[in-house]
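So the chains spell out like this:
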Amino acid sequence: MFLSRRNTERLPVEEARRRTGGGQADAVLLDVRENSEWRAGHAPGAVHAPLTGLAAGASLPRQAQGRPLVVVCRSGHRSQRAAQLLVERGADAVDVEGGMRAWIAAGHPVVDECGNSGSIT
C-alpha cells in the first residue's frame, strides 16, 4: 500500500514568533534539537522534545499536547522531518524556515538552561 506524504507548511521566523510569542500565542514553539543543544540556548517559552525521541515513538510533552505546533531545530532540516512525523500522527504542525539560526539572525532572544543569555551550537 502506498501512503502519500503531505508536505508540511514552512513559516518564516517572524511569523513563527508571532504565532508562539507573548500572551496571545496560539501555538507552541516545539524545539526538536538534542539535549546539549537545548541546554546551550533556546527560545524563551519553547518546549523541548528531541526528534530522536519523537522518531522512537515518544509522546509530546504535556504543554504541547492538543495545541498547534511550530517546530524548530538549528537550521530547519530536523524540524521539517519532525513536523512531517507529527502531521502523520494527526498533529497540527508546521516548521520554521532557517531554524534557530534564522531566529538569532532576526535578533530574537535565546536563553540557556538557567535563563541566562544562550547560544546556538
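Residues numbered from 1 in each chain as written. Predicted model: local features only at pLDDT ≥ 70, side-chain atom pairs only at ≥ 80, totals over all residues. Heavy atoms only, no water.

Here we look at the overall build of the protein
Next, step 1: For the protein, the helix and strand inventory stands at 5 helices and 5 strands.
Next, step 2: From first element to last, N terminus to C terminus, the protein shows the α and β order β-α-β-α-β-α-β-α-β-α.
Next, step 3: For the protein, the C-alpha radius of gyration of 13 Å lies close to 14 Å, the compact-globule estimate for 121 residues.
Next, step 4: By its C-alpha atoms, the protein is 50 × 25 × 25 Å across when sized along the principal axes.
Next, step 5: Expressed as a percentage of the 121 residues in the protein, the buried residues total 41%.
Next, step 6: Expressed as a percentage of contacts within the protein between residues at least 6 apart in sequence, the contacts between residues at least 24 apart total 62%.
Next, step 7: Accessible surface, the protein as shown: approximately 6600 Å² in total, 48% of it carbon and sulfur.
Next, step 8: Looking at charge distribution, the protein has the averaged site of its 15 positive side-chain charges lying 3 Å from that of its 13 negative ones. (Helix = DSSP H or I, 4+ residues; strand = E, 2+ residues; numbered from the N terminus. Rg over C-alpha atoms; globule rule 2.2 N^0.38 Å. Buried < 20%, exposed > 50% of the residue type's maximum accessible area, 1.4 Å probe, protein only. Contact = heavy atoms within 4.5 Å. Areas by Shrake-Rupley, 256 points an atom, 1.4 Å probe, with all protein chains shown as cover. Lys, Arg positive; Asp, Glu negative; His and termini not counted. Charge placed at Lys NZ, Arg CZ, Asp CG, Glu CD.)

Here we look at the nonpolar core
Next, step 1: Residues Leu 30, Val 32, Leu 69 and Val 71 are the most contacted members of the largest nonpolar core, which totals 17 residues.
Next, step 2: When residues of this core are traced back to their parent elements, those giving at least two are strand 2 (28-31), helix 3 (51-55), strand 4 (69-72) and helix 4 (77-88).
Next, step 3: At 4 residues, helix 4 tops the list of elements feeding residues into this core.
Next, step 4: Beyond its immediate sequence surroundings of up to four residues, Leu 30 is in contact with Val 47, Ala 49, Leu 60, Pro 61, Ala 64, Leu 69, Val 70, Val 71, Val 72 and Leu 86.
Next, step 5: Counting residues in hydrophobic clusters, the runner-up holds 15 residues, among them Ala 16, Ala 46, Val 72 and Trp 103. (Core = buried A, V, L, I, M, F, W, Y, C linked by side-chain atoms within 4.5 Å.)

Observations regarding the pairing of strand 5 (residues 93-96)
Next, step 1: Where strand 1 (residues 10-11) meets strand 5, 2 bridges bridge the pair, whose relative direction is parallel. Residue Arg 10 lies in a different strand from strand 5, and its bridge partner there is Asp 95.
Next, step 2: Note that strand 4 and strand 5 share 3 bridges and pair parallel. The residue bridging Val 71 from the neighbouring strand is Asp 95, located in strand 5.
Next, step 3: After leaving strand 4, the chain enters helix 4 and then returns to the sheet as strand 5, a path that is right-handed. (Pairing = 2+ DSSP bridges. Right-handed = clockwise from strand over helix to strand, strands pointing away.)

Here we look at helix 4
Next, step 1: In a regular helix each residue adds 1.5 Å, so 12 residues correspond to 16 Å; helix 4 covers 17 Å between its end C-alpha atoms and thus fits that length.
Next, step 2: Arg 78, Ser 79, Ala 82, Ala 83, Gln 84, Leu 86 and Val 87 are the residues of helix 4 that are buried.
Next, step 3: On its buried face, helix 4 sits against strand 2, helix 2 (35-40), helix 3, strand 4 and strand 5.
Next, step 4: Gly 90 lies just past helix 4 and shows a positive phi near 100°. (Expected span 1.5 Å × (residues − 1).)

Focus on the pattern of salt bridges
Next, step 1: Scanning the model with the defined rule gives 6 salt bridges in all.
Next, step 2: With a shortest N-O distance of 2.9 Å, Asp 95 and Arg 10 are connected by a salt bridge. Linking Asp 95 in strand 5 with Arg 10 in strand 1, this pair joins segments that are 85 residues apart in sequence.
Next, step 3: Asp 95 sits in the buried class, given a relative accessible area of 0%.
Next, step 4: For Asp 31, the salt bridge is made with Arg 33, and the minimal N-O distance between the two is 2.7 Å. Here the two residues Asp 31 and Arg 33 agree in accessibility, since each one is buried.
Next, step 5: In this structure, a network of salt bridges that share partners links the residues Glu 9, Glu 15, Arg 18 and Arg 19. (Salt bridge = Lys/Arg side-chain N within 4 Å of Asp/Glu carboxyl O.)

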